[in-house]
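# Descriptive analysis of the structure
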Number of protein chains: 2
Amino acid sequence: MARIVMKFGGTSVGDVDRIKNVAQRVKREVDAGNEVAVVVSAMSGTTNQLVGWTSAISRLHDAREYDVVVASGEQVTVGLLALALQDIGINARSWLGWQIPFRTDGIHGKARIDRIETQEMERRFAQGQVAVVAGFQGIGPDARITTLGRGGSDTSAVALAAALKADRCDIYTDVDGVYTTDPRIVSKARKIERITYEEMLELASQGAKVLQTRSVAMAMQHGVRVQVLSSFVDVPGTLVVDEDEIVEQQVVTGIAYSPDEAKITLVGVPDRPGVAGAIFGSLADAAVNVDMIVQNVSQDGQTTDLTFTVGKADLDRASHVLDKLRNDLAYAELVADSNVCKVSVVGVGMRSQPGIAKTMFQTLAEKSINIQVISTSEIKVSVLIGADYTELAVRALHTAFGLDADADS
Amino acid sequence: MARIVMKFGGTSVGDVDRIKNVAQRVKREVDAGNEVAVVVSAMSGTTNQLVGWTSAISRLHDAREYDVVVASGEQVTVGLLALALQDIGINARSWLGWQIPFRTDGIHGKARIDRIETQEMERRFAQGQVAVVAGFQGIGPDARITTLGRGGSDTSAVALAAALKADRCDIYTDVDGVYTTDPRIVSKARKIERITYEEMLELASQGAKVLQTRSVAMAMQHGVRVQVLSSFVDVPGTLVVDEDEIVEQQVVTGIAYSPDEAKITLVGVPDRPGVAGAIFGSLADAAVNVDMIVQNVSQDGQTTDLTFTVGKADLDRASHVLDKLRNDLAYAELVADSNVCKVSVVGVGMRSQPGIAKTMFQTLAEKSINIQVISTSEIKVSVLIGADYTELAVRALHTAFGLDADADS
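Residues numbered from 1 in each chain as written. Chains lettered and ligands numbered in written order. Predicted model: local features only at pLDDT ≥ 70, side-chain atom pairs only at ≥ 80, totals over all residues.

### Focus: the relation of the copies chain B and chain A
- Between the two copies, chain B and chain A, the superposition gives an RMSD of 0.1 Å; the rotation angle is 180° and the shift along the axis is 0.1 Å. What we have between these two chains is a two-fold relation. Minimal C-alpha distance to the rotation axis in chain B is attained by S72(B), lying at 2.6 Å.
- Of all interface residues in chain B, 100% are interface residues in chain A too; the two copies therefore contact each other through one and the same surface. (Least-squares fit on C-alpha atoms with pLDDT ≥ 70 in both. Contact = placed C-beta atoms within 7 Å.)

### A few points about the interface of chain B and chain A
- Contacts between chain B and chain A engage 29 residues on the former and 29 residues on the latter.
- Per-element accounting of the side of chain B that touches chain A gives the leading share, 11 residues, to helix α4 (residues 72-87) of chain B.
- By residue class, the composition of the side of chain B that touches chain A is 17 nonpolar, eight polar and four charged. (Helix = DSSP H or I, 4+ residues; strand = E, 2+ residues; numbered from the N terminus. Nonpolar A, V, L, I, M, F, W, Y, C, P; charged D, E, K, R; others polar.)

### So, the environment of G223(B)
Residue and element names in this part refer to chain B.
- Locating G223 in the fold gives a position in the loop between α8 (213-222) and β11 (226-230).
- Residue classification places G223 among the exposed positions, given that 11 C-beta atoms sit within 10 Å.
- Separated by 19 residues in the primary sequence, G223 and D242 place their C-alpha atoms 7.5 Å from one another. (Buried ≥ 20, exposed ≤ 12 C-beta atoms within 10 Å, placed from the backbone.)

### Quick word on the pairing of strand β19 (residues 373-377) of chain B
- With five bridges connecting them, β19(B) and strand β20 (residues 380-386) of chain B associate as antiparallel partners. Residue S377(B) lies in a different strand from β20(B), and its bridge partner there is K380(B). (Pairing = 2+ DSSP bridges.)

### Structural notes on the domain arrangement of chain A
- Once the domains are mapped, chain A shows domain 1 (3-174), domain 2 (261-336) and domain 3 (340-407).
- A straight line from the C-alpha centre of domain 1 of chain A to that of domain 2 of chain A covers 41 Å. (Domains from an automatic or database assignment.)

### Details of unusual backbone geometry
Residues and elements named next belong to chain A.
- For the bond from I100 to P101, the omega torsion is -15°, close enough to zero to count as cis.
- If you check the backbone angles, A330 has positive phi at about 55° while not being a glycine.
- Summarising the element assignment, A330 is placed in the loop between α10 (315-329) and β17 (333-337).

And the structure:
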């Protein structure tokens, strides 16, 4: 007997028939003698519609009221799934965020989970009851509904698995696992059987959409074994685990790309201490996240060029902040370019095997792809390139690092 | 300064523009210096969709899960209306049933309100905050969401008005008041300026759809002044008040009709004590509500015919119960007829003025309309007639009792 958290996203509960299908998957785990909590998202399309209404009503967006509106989507699915389970003879009840409770901080619209009180749920496990839990939502210190931010149901599931000390957290989605890269771009992309938390974290934050980044960080922190698998196809998925559970390590595990980046270059920035601090400090104050940074060698000992990337959605805000600093900083020009893409090569094997960056740069050079900015971490090399070259670059790198499906099968 | 509860039904909050329109109506009351609580229903169509999903998922219908699903509709509208109010500069916050809390009994799907804790809401009134309250929902002793039954938002509003000792409870709807009869049938129907609780209660329970019967009973019990008026047209509505607030009393205030009745006749029932008790006891045990009853004079001293009406929706269940009793009761035949309509004449003036029933029967006789069953109360006479005669009967009675608009204007 194991204790399992299952999570189903919006597509998996998109209509009545799919909810019944989910109930059957849950039944299988129950019939196998497992204790089961199921976390569900809103039916696909619902959250977008609710968010659309709040925007149409008010641009001010009191996040507390936004949370009240959007949290209603998960409320519908937990009730319906509980009914579907009961209908096939499974003892089940729904739990809303405030009922469990899922205690969060008070940051409405993107709350963080503080504590989950699972005593009553565990008592009911012992009676054979399945818990059907609303993802994405909790309750704040003000006793009002809080939501965790878009995609937050993954985080709900992993946090619940950690609180319940679950043996596994199965994330059911509309793809059947984590791939070496986006199969829509590279037809030879392979499904990864096992991946480390660190790699999954890099892939998720570098643009792979399978799991929400926060949920992976939380799984790593609490050692929750996460499995990504399909709601629709009955095949093994991808297991996200500790490094020591992976016997044969690939040097490069996957290639990610993110078209959501924009590049800003400040031309003719005075080359003196404190300037970078002023720039990035002001951006941080305006809640603009800066990712890659490169500073050119000063040509004249007086000024330099500073290039960095921000999220595309933050570009206007960043430009506005930097415009206001122009007099203080006395830079010559601000050049913004949103027609860029970040491509990343990820793998824990890089730690022990040098030369990955070199292979990456050579591969791109052979295809005449210009590298605009570079950043690296222990297990990742990222480059910023022109958006038009995205597919070309991803395909070439996928082949160069031996990831193509026909390369080893 | 007054304290006012405003209630807006599903059509009034049916889309984003209508919600903004409701916000403007609320603003007018706030600008007039009033303390305001607004009770809202789900957007029109939403509750039907949610109920439809629960039926499609499961015929078993755990009422606790049904409540979780359908209560989500009001959650959306309170959040959106609070945002719309804030957008035009009104301090407002939403309240869900469990937050206030609206404490109910544990009868899921048709809960009764036990107690409303309004202290925090009243504290915020003093700070100029408008309370936007989800109608139709509360919390049961099991700390789960309960709903009050279809149309329950009227009851929420009146109960809140009673708890807040509000000066007025304004029910905004898609008609501009209570009419002497259905204007779709009688073009000369007149809007009633003031109507007593008793009359409104009879009209509501006899088929007039403007207010939910329970809400009128509650208003009467707590002396809540209810006003029915239009969300869309800016004209005076109908005030539901105590009898002593109405100076010039009409003998007949309105004509109601209900096509939702079915007639059952048991032919050849043994004419001995205990038989009626057995029949109606069994129906009550099966939760079948019996309305009108008539027993023919025994022809032979041995058997009699028993005729009564039940709701059309209960007809199958009632027939089933009576079929099972057939051996015990030894009646000859069960004749069911759902092609009937109940027409009622209502007015508190009847108490002091005899002859209403006589006028009613004569009027129907002149039109050759056969009366199948009769029932009366202190302020009402109801007859059951063939459904085909409904419009003819209502129009003739409306004229006969001097209610036509051209009769006194």
